[in-house]
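Descriptive structure summary
Below are the chains, spelled out letter by letter.
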Amino acid sequence: MIDNWRDAFVDLAYFAASVLFIVGLKRLSSPASARQGNQLAMVGMLVAVVATLFTRGFENSNYILIIVGIALGGALGYLPARRVKMTAMPQMVAIFNGMGGATAALVSIAEFSHKTDIPGGEAVSIVLGTIIGAVSFTGSAIAFLKLQELMSGRPIVYPNQKPINAALFGGIAVLSLLTLVLYDGNLTLARVLLTLVFVASLVLGALVVVPIGGADMPVVIALLNSATGLAAALTGFVLNNQALVVAGALVGASGTLLTLLMARAMNRKVTNVLFGAFGGGAIASGAAASTGEAKPIREISAEDAAVPLAYAQRVVIVPGYGLAVAQAQHGVRELADMLQERGVDVRYAIHPVAGRMPGHMNVLLAEANVPYDDLYEMDDINDDFAKTDVALVIGANDVTNPAARADTSSPIYGMPILNVDHASQIIVLKRSMKSGFAGIENELFHDPKTTMLFGDAKETINRLIGAVKAA
Amino acid sequence: MIDNWRDAFVDLAYFAASVLFIVGLKRLSSPASARQGNQLAMVGMLVAVVATLFTRGFENSNYILIIVGIALGGALGYLPARRVKMTAMPQMVAIFNGMGGATAALVSIAEFSHKTDIPGGEAVSIVLGTIIGAVSFTGSAIAFLKLQELMSGRPIVYPNQKPINAALFGGIAVLSLLTLVLYDGNLTLARVLLTLVFVASLVLGALVVVPIGGADMPVVIALLNSATGLAAALTGFVLNNQALVVAGALVGASGTLLTLLMARAMNRKVTNVLFGAFGGGAIASGAAASTGEAKPIREISAEDAAVPLAYAQRVVIVPGYGLAVAQAQHGVRELADMLQERGVDVRYAIHPVAGRMPGHMNVLLAEANVPYDDLYEMDDINDDFAKTDVALVIGANDVTNPAARADTSSPIYGMPILNVDHASQIIVLKRSMKSGFAGIENELFHDPKTTMLFGDAKETINRLIGAVKAA
Amino acid sequence: MEQNVLLGAYVFALAIFLGLEIINRVPGTLHTPLMSGTNAIHGIVLLGAMIVLGTANNWWLQAIGFVAVVAGAANVVGGFAVTDRMLEMFKKKPVPGGAGAAAGPAQGQGKAR
Amino acid sequence: MEQNVLLGAYVFALAIFLGLEIINRVPGTLHTPLMSGTNAIHGIVLLGAMIVLGTANNWWLQAIGFVAVVAGAANVVGGFAVTDRMLEMFKKKPVPGGAGAAAGPAQGQGKAR
Ligand SMILES: NC(=O)c1ccc[n+]([C@@H]2O[C@H](COP(=O)([O-])OP(=O)(O)OC[C@H]3O[C@@H](n4cnc5c(N)ncnc54)[C@H](OP(=O)(O)O)[C@@H]3O)[C@@H](O)[C@H]2O)c1
Ligand SMILES: NC(=O)c1ccc[n+]([C@@H]2O[C@H](COP(=O)([O-])OP(=O)(O)OC[C@H]3O[C@@H](n4cnc5c(N)ncnc54)[C@H](OP(=O)(O)O)[C@@H]3O)[C@@H](O)[C@H]2O)c1
């Protein structure tokens, strides 16, 4: 009787947790309620974890291990999460995602290694959970290494890349099928095979991600994230635990859609990200970039740039990836404050894929305490460039490239861009004439209205601050 | 083995049907794909019905009854559905909804009358399914009678209405509880009790809907629709049939939300609809209407009205409930064609709650083959009234009432309205100075720019057509 | 059985959430066809009636089952037919008769929102 | 069991549809927090690790289970913490220092879309 109540409590708690995840995810996907949504999901997780402690059949001696494990893992997760710099968020997400994938794979393997009468559906779930979890683990780990620059962020190409991956994939498929065919008769052999599947999947995960460039990592992480969700759902099937199925499937589906949305926002195809470099575009643009050097540009000094800024009525700041690289957000904020004190109307134009992860600029500028009201999304500010005296482009490139609007042959053709070229005057801060992420030349820099202020963004901004003070 | 395959086929078909319902509903809720969505749901239903014929345990002799029953019911549904006039759609939906409610109640009763070892959860589902199905049946029937004008459409008030309903409701609750308490020991008695619950619920459904005015019926039908969905889901629990659970729950939830959206669109509270007349507003407006007679109005003849129409550049036609009553849509279409041939730019302004059901005007005008491109939703045309020479208001009243914008004491304050009063000239076609659905006076009719053309809309339009020809 | 009830509750709750999510933000024009379309969908209860009638082993159950099948079939067929008729009217028609401007079909759909 | 698998499939499919429905049309600004938030949610697989460890009856299963619990807990706690930090930055702050115009909080939220 008591046991029945206990089971009912656990079941009910899982149900409540599932509902909390759904509502949380729903709120997470709307800006005003996003934080609350995350907190609802947290509550759901807490409920589910506590309920799991009441599962029947636990060995008493294992409780202490569980508690210690959770405390240890929690600390390992919490400390870096609170400390890490905002710009390092993507690699944090990657590493946590890898942890989840590892968990799913280990749980699948453990279930296979101690259960005996495994029905067919469960066996399939176990094998798939092992593969997907393992791929997600090593894939995320490589993504972490690349983003953290412990490994080169450039696409790494090794000989026979495609045949090797194909062979590995085929091997995993064959081993998996063998496992499923054999386990009913020879469980011991099947267990060995599953271990091989696990190891091969680990290698596959790494090999698939190694050739992908660092800038594409957000898409890759989003995809691996959705894979881990799927693996969690599969684990749920094996354990007959609906909270896992619901939460895992939610994440699997929403993660997949999110991946597509992110890829679309940066005008990339997911297949391109996974299986190729920038393709034809990269070559064409390389050529364009080299011929581009011939066209005239106008350089400007910090002192000369300070004058139009200080005496403008309206300035729009266009931040890009270079701002993040240079960690110039605090300087920018200072410069903007100074200009605002002088009565200049300063606003920030935020392109959805400026930087290297969606929302990168928002997070970065928020870190420097830029008031949220000064940030304008692309659609809200694009018409205002025509009325802008100075557009200050800081380490942004592709998101201002007018070729996206007009040049059908450009690899970024069709990507919505900021209409920086409509401003009366444009000042661009970057280190050289090098191209940005898409590797293509930017006509904007040759526009007669544009002047270039070369140098690392952080230093240049500091010089600008000094010059504005003097102006 | 064969039987296993058979079961698997049925299960799979139900699963496919559920997915088709979901995708169908999804497409139904977007204008461009709505028809396709309905057809997908149809396919789902067909799949589910065919699969059910393969359920195991059917008596061979009953197949013929099933086929005859489906054919008979199908014909009873199909023939009126194809023949009925567009304006009679709401009552058609009501009667079909009632059929569904009856089915759910009957299935619940039948299950209770032949099953023996009924678990608690199922018993609860049976009782609730009986009550909700029965209420939905008679409620929908009364709604049908009212809309079909076989019964007065006015709110019918009988003495002690509230106590009677409360007593009935209490009686049903007590009988239901008794049924649930007793069925385990004395199933025969419980069966009798359930029959009483059924009968009482039938009476309750009728009594609840009788006092509601005909104009509120769309909201009531939407609510009963969602109730039938819920009853179907409950039946699904009893029969352990997930297709019923999924489809029923989908309809239950979406129907409830739809009810709220519809009520909000006509600025009504669902509780008001169910439990009260128009409340304070009705009284206040009665007073306003009587004092209103004193204010000046300007009448116009059809001949005089034809001239500004024929020589206007831009005419916007504002159809309302009176157009539906007068069945004047074909005349209006003819008039518009004539004007367009003369080079006048004629458009229709469609208010979301013009008429007596959402989308009423679209359906009505579509019936008269008005090109869909000429219909403009409120938000799309409201700014254009200022550039309109003549606004031709045909049997519309509340949806043009400027009090909704300005007069905070008005019962319709806050309802978005068509900015008819911004047009250069306004011609209103109605029979008298009587008020519309909300029962309040309309300042628009006293606007110096407004002229009134009294008479039944159909006749007046015909006279207008003649006069335009002559002009 | 226990397990079935629990899973049934998940199915029910998820379908509820899904229904709410799908209907959120539909334009007013679609309220009536949607009401009528969902009306047809809950006619799925016809399956229940078929099962009752199919497994009926006395005249009394046969009678209830038959009535239920007739009513359910009317709900399904009538509901879908009415909805289809309504939606048919919504679709773009060739601009009839002497009317002037003929706009592209894409435009017509765009305005639907 | 059969029945469980079937119901599990319904739960899975409905959750998939629900996930797709919810994520449809999110603004770009939320892509990263959403990715990170869903990342934390799939940490639910920690429950699986707890069950493995809790029911483990040999050192080998205990070892796998323990590693899995640690990794799962890191996923959950770290994921939620990172997401919360990100979202915290999104919320409206009092306009700092000498900056000019101070806008109402309602406005700030409205612009978020
Ligand atoms: N947001 C996302 O989710 C995401 C994810 C992946 C890819 N992407 C892609 O990334 C691009 C983002 O566009 P974007 O305009 O922000 O960046 P971008 O096009 O990559 O250009 C960044 C520019 O910053 C300059 N820069 C680098 N370090 C700098 C420093 N320390 N100081 C000053 N300047 C520096 C670089 O020029 P120099 O070398 O000459 O200084 C470079 O041209 C888009 O193509 C987008 O599709 C975005
Ligand atoms: N669409 C919905 O879903 C729905 C559902 C329920 C309620 N409502 C409510 O209904 C109202 C709809 O507004 P509405 O402007 O369309 O209609 P309305 O405000 O009800 O006014 C209709 C007008 O048409 C006139 N009329 C009636 N029969 C006529 C005929 N044969 N020829 C010419 N005129 C005739 C009436 O005046 P005379 O008697 O002087 O001719 C009446 O003032 C709103 O208040 C709305 O909230 C809407």
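Residues numbered from 1 in each chain as written. Chains lettered and ligands numbered in written order. Predicted model: local features only at pLDDT ≥ 70, side-chain atom pairs only at ≥ 80, totals over all residues. Heavy atoms only, no water.

Let's shift gears to the nonpolar core. One finds Phe21(A), Phe21(B), Ile23(C), Ile44(C), Ile23(D) and Ile44(D) to be the most contacted residues of the largest nonpolar core, which totals 250 residues. With residues up to four places along the chain from it excluded, the contact list for Ile23(D) reads Leu25(A), Ser29(A), Ser254(A), Leu257(A), Leu258(A), Leu261(A) and Leu34(D). (Core = buried A, V, L, I, M, F, W, Y, C linked by side-chain atoms within 4.5 Å. Buried < 20%, exposed > 50% of the residue type's maximum accessible area, 1.4 Å probe, protein only. Contact = heavy atoms within 4.5 Å.)

Residues and elements named next belong to chain B. A rise of 1.5 Å per residue sets the reference length of helix 6 (residues 161-182), with its 22 residues, at 32 Å; its end C-alpha atoms lie 31 Å apart and thus fit the reference within 8%. Turning to helix 6, its buried residues number three or more, namely Gln161, Asn165, Leu168, Ile172, Leu175, Ser176 and Thr179. One side of helix 6 carries all its buried residues, which in axial view fall inside an arc of 105°. In helix 6, those exposed residues whose orientation departs by more than 90 degrees from the buried face are Lys162, Ala167, Val174, Leu177 and Val181. (Helix = DSSP H or I, 4+ residues; strand = E, 2+ residues; numbered from the N terminus. Expected span 1.5 Å × (residues − 1). Arc of directions from axis to C-beta.)

A few words on the site of ligand 2. Residue and element names in this part refer to chain B. Neighbouring residues of ligand 2: 29 residues in total, closest Ala215, Asn397, Asp398, Ser432 and Asp456. Contacts to ligand 2 include Val399, whose backbone N or O atom sits 3.4 Å from an oxygen atom. For ligand 2, whose free accessible area comes to 910 Å², the fraction covered by protein is 97%. Top element by residues in the shell around ligand 2 is helix 13 (residues 321-326). It accounts for four residues. Taken together, the residues of the shell around ligand 2 sort by class into 14 nonpolar, nine polar and six charged. Each of domain 2 (86-278) and domain 3 (295-470) accounts for three or more of the residues forming the shell around ligand 2. (Near = heavy atom within 4 Å. Polar contact = N/O pair within 3.5 Å; in protein donor to acceptor, adjacent residues only side chain to side chain. Areas by Shrake-Rupley, 256 points an atom, 1.4 Å probe, with all protein chains shown as cover. Nonpolar A, V, L, I, M, F, W, Y, C, P; charged D, E, K, R; others polar. Domains from an automatic or database assignment.)

What follows is about the pattern of salt bridges. According to the stated counting rule, one finds 24 salt bridges over all chains in the structure shown. With its nearest N and O atoms 2.2 Å apart, the salt bridge here joins Asp7(A) to Arg56(A). Of this pair, Asp7(A) sits in helix 1 (residues 2-28) while Arg56(A) is found in the loop between helix 2 (34-53) and helix 3 (60-83), placing the two residues 49 residues apart along the sequence. Classification of Arg56(A) as partly exposed rests on a relative accessible area of 36%. Among the salt bridges present, the one from Asp337(B) reaches Arg333(B), with a minimum N-O distance of 2.9 Å. Placement of the pair is Asp337(B) and Arg333(B) together in helix 14 (residues 329-341), with a separation of four residues, close to one helical turn. Considered together, Asp337(B) and Arg333(B) belong to a single accessibility category, that of buried residues. (Salt bridge = Lys/Arg side-chain N within 4 Å of Asp/Glu carboxyl O.)

Right, let's get into the interface of chain C and chain B. Contact residues are listed per partner, giving 89 residues for chain C and 107 residues for chain B. Around 8,700 Å² of area is buried between chain C and chain B when both sides are counted, 75% of it from carbon and sulfur atoms. On inspection of chain C and its partner chain B, the count reaches three salt bridges. The salt bridge involving Arg35(B) is made with Glu88(C); its shortest N-O contact spans 3.9 Å. Remark: the boundary between chain C and chain B carries 19 residue pairs in polar contact (both at pLDDT 80 or more). For the side of chain C that touches chain B, the secondary structure elements donating two or more residues are helix 1 (2-23), helix 2 (31-41), helix 3 (46-55), helix 4 (59-90) and helix 5 (105-112) of chain C. With 29 residues, helix 4 of chain C is the largest single contributor of residues to the side of chain C that touches chain B. Residue composition of the side of chain C that touches chain B, grouped by class: 52 nonpolar, 29 polar and eight charged. (Buried area = accessible area lost by both parts, 1.4 Å probe.)

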